[in-house]
Amino acid sequence: MKIYMIRHSITPGNKRRAYIGATNEPLCEEGIELLKNRTYPEVEMVITSPMKRCMQTAMCIYPGKSPYVIDQLRECDFGAFEGMSYDELKENVVYQEWLSKEGKIPFPQGEDQMEFRKRCVQGFDVAVDYLHNTNIRSAAMVVHGGTIMAILETYARPQEDFYHWKAQNGEGYLVEIDENAWFSKAVNRYVTVKGKC
């Protein structure tokens, strides 16, 4: 089974380098143009986060394919930092404390980073089960940068840390799953990263 994990295209918040998680903003014109100038592989099915930016990206890349939406694949809720950039936050004492803990403590009034990562992995498991049960061999998963990082930190071989798997807008990774190994109770689940897409 092949899954192309693609980060959504550019939004207004991405252009400002802001924390955009729970904010349901659409793509900007630059984001739409970016997708027009790229070629993506053909797939049997498209899976997305429920967020507007992912749904819109999926429609641009794969017009005519109705996406299978998985709520657990949405981006992290950045709470009090939502919609703000580093420059806007750098003097904030709470933000500095959060940075000092390498982002492993909950966002104030937002989501716990470890719970977010677990949620994304659960969403990926739902996707793989669905693809397996419907005998689909290739899919695109149009999601968020944080979602991709969370899934690959857990399942990717070779194994790397969370930030290693950062993807630019409109880019991502091709992963392959050995279904016999994935569904075997004797083997830890993993995906093989075959390259960028």
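Above this text is the structure in question.
Since the structure is predicted, the reported quantities are computational estimates derived from the model, not experimental observations.

> Let's hear about helix 6 (residues 113-133): which residues, and what values?
Since the α-helix turns once every 3.6 residues, residues separated by three or four places project in the same direction. For helix 6, with 21 residues, the first-to-last C-alpha span of 30 Å sits near the 30 Å given by 1.5 Å per residue. Those residues of helix 6 not exposed but buried are Q113, F116, R117, R119, C120, V121, G123, F124, D125, A127, V128 and L131. For helix 6, the secondary structure elements touched by its buried residues are strand 1 (2-7), strand 2 (45-48), strand 4 (138-143), helix 7 (145-155), helix 8 (179-182) and strand 7 (191-196). Directly after helix 6, the chain includes N135, whose backbone phi takes a positive value near 60 degrees.

> Can you break down the sheet that holds strand 2 residue by residue, with the values?
Pairing is mixed in the open sheet, where seven strands are placed in the order 3-2-4-1-6-7-5. Among the strands making up the open sheet, the edge pair consists of strand 3 (68-69) and strand 5 (156-157). For strand 2 and strand 4, the ladder comprises four bridges, and the chain directions are parallel. Considered in strand 4, the bridge of T48 is made with V142.

> Break down the packing of helix 6 against helix 7 for me, citing the residues and quoting the values.
The axes of two packed helices give the description: the angle between them and the distance between them. Direction vectors running N to C along helix 6 and helix 7 enclose 80 degrees, while the axes themselves pass 8 Å from each other. Judged by the angle between their axes, helix 6 and helix 7 are roughly perpendicular. Listed contacts from helix 7 to F116, R117, C120, V121, F124 and D125 of helix 6 are G146, T147, A150, I151, E153, T154 and Y155. In the contact of helix 6 with helix 7, the residues fall into seven nonpolar, three polar and three charged.

Rules used in this analysis
- Residues numbered from 1 in each chain as written.
- Predicted model: local features only at pLDDT ≥ 70, side-chain atom pairs only at ≥ 80, totals over all residues.
- Heavy atoms only, no water.
- Helix = DSSP H or I, 4+ residues; strand = E, 2+ residues; numbered from the N terminus.
- Expected span 1.5 Å × (residues − 1).
- Buried < 20%, exposed > 50% of the residue type's maximum accessible area, 1.4 Å probe, protein only.
- Contact = heavy atoms within 4.5 Å.
- Pairing = 2+ DSSP bridges.
- Axes fitted to C-alpha atoms, helices over the stretch in contact; angles between N-to-C directions.
- Parallel < 35°, antiparallel > 145°, perpendicular 65-115°, else oblique.
- Nonpolar A, V, L, I, M, F, W, Y, C, P; charged D, E, K, R; others polar.

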